[in-house]
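Coordinates in review
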Amino acid sequence: MKDTVLRKTLAQELLNYTIGTRIPTVRELADRFQASIGAVQSVLTFFERENIFTYDKRGHLGSFLTSVSAGKVWEILHSGKPLVISLPLPTTSICEGLATAIKFELSQSAIDIYLTFLRGSKRRLRALRQGSCDLILNSKFAAEMNHLENEEKFLELPHRTYVREHRVYYRDQPNPDGIKPFKVILDTDSMDLQRLTEMEFGGMDVEFVPASFMQIPTLLTDGKADAAVWDIDEAEDKLPDEIKFRSISMKVSEQIGHSPYIATLIGKKEDLVSKAVVDSYINKENVLHIQKEVMNKIRLPEY
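Once a new chain begins, its residue numbering starts again from 1 and follows that chain's sequence as written. Confidence filtering applies because this is a predicted model: local features only for residues at pLDDT of at least 70, side-chain atom pairs given and counted only at 80 or more, and all residues used for totals across whole chains, interfaces and linings. Only hydrogens and water are set aside when side-chain values are computed; all heavy atoms of the structure are taken into account.

Here we look at the packing of helix α1 (residues 3-14) against helix α3 (residues 37-49)
For helices, the fitted line uses only the C-alpha atoms of the stretch in contact; every axis is such a line through C-alpha atoms, and the angle between N-to-C directions lies from 0 to 180 degrees. Only DSSP runs of H or I reaching four residues or more are called helices, and only runs of E reaching two or more are called strands; each is numbered from the N terminus. α3 packs onto α1 with a crossing angle of 65° between their chain directions and a minimal axis gap of 10 Å. Put simply, α1 runs roughly perpendicular to α3. Two packed elements cross with a definite hand, and for α1 against α3 that hand is right-handed. In contact with D3, L6, R7, L10, A11 and L14 of α1, α3 contributes A39, V40, V43, L44, F46 and F47. Throughout this entry, Asp, Glu, Lys and Arg are counted as charged residues, while Ala, Val, Leu, Ile, Met, Phe, Trp, Tyr, Cys and Pro are counted as nonpolar. The remaining residues, Gly among them, count as polar. Classifying every residue of the contact of α1 with α3 gives 10 nonpolar, no polar and two charged. Roughly parallel means an angle under 35 degrees; roughly antiparallel means over 145; roughly perpendicular covers 65 to 115; every other angle is labelled oblique. By the definition used in this description, the sense in which the near helix is turned from the far one sets the handedness, with an anticlockwise turn below a right angle giving left-handed and a clockwise turn giving right-handed. The criterion used for residue contact is that any of the two residues' heavy atoms lie within 4.5 Å.

Quick look at unusual backbone geometry
Of note, the phi angle at N51 is positive, near 55°, even though the residue is not glycine. Mapped onto the secondary structure, N51 falls in the loop between α3 and β1 (53-57). Exposed residues in this analysis have more than 50% of their type's maximum accessible area, buried residues have under 20%, and partly exposed residues fall in between, with area computed by a 1.4 Å probe over protein chains only. For N51, a relative accessible area of 47% corresponds to the partly exposed category. For R160, which is not glycine, the phi dihedral falls at a positive 65°.

Note that all results are geometric; they support no functional claim without further evidence.
Structure, rendered in C-alpha cells:
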C-alpha cells in the first residue's frame, strides 16, 4: 500500500476513536489493512510528529489517543477540497448572523470554507445526500420531520437561533371576488413552513396554494391568497398594514415545542472528518455571540 493511501486509511481509522480511548496496536493495524508493521509505524510517527494525532503510550497497556487536529486530518483525506456548507438564504439578520459565525469559527481550521445558499430545507437535504455539500443548516424541526437515516445532527444550537417565531398572516378582508374555500399559501420546499401550515389548517375547509415564501406578500396583497404561515424575521417590513397576524395556535405550539426555532448543523453519519471539524472548531457560545452582534448591527455580516 502506498504511503499516501496508508495515511488516508489510518487517518480515517483513527477518527473512530475518541480522546482518551485506546487505539489499536501497530500490529493490529497492519493486519487489519494488510500493510507492513514498518509502514504503519512510519505513518503513526508522522502523525505524531506533525501533531495530526498524538498518543499517550502506556507500555503494555497500549497507546491512548490524546489529541486530533481535525483541520490537518481534513487535508490528508481531502487535500485541496473545500468544506462546503449549504445554508438558508441570507435574507434575514438571524441567517446572516449564523453564516457569519460559522464562517468565522471554521476559518480557524485552515480549511477552505465555501458557503452556498439554498432556499428550502428539502433542497439542502437533497444537496447533502447527492454529495453537493458536506454540511447543511436546517431547523431541528425539519431534521426530525425528514427522518434522518444516513445523516445526523453534528451541532444543535439553542432556541431562536434559526428563526425567532412563526405567525399566521392573513387578509383583514376576504377575497374581493368572494371565491371560497379559504386559500392558504403552502411552501413545499420548506419542510418547516409546509408542515406548520398543514398542522395549523389541517381539517379545515381550505385550498392550499403552492408558492414560495418570497411570493407571500404579493399573493396576500393582491387577494390571490387569504393566509400564510411565515416567520417574523422574513415577514418584517415586507407586508402592508392591511395584512394582519396572529400567533400559531396553542394546539400546534404544544406539538412543535421549540424545534422549528433551533438551528442544527447536519452531516452524513459516515463523514467522521466533517464531524471532527465541527466538534473541534465551532464553539456554541462564540456562534451565539457573533449572531447576536450581527442581529444588533454591531458587527457587519461577512460570509
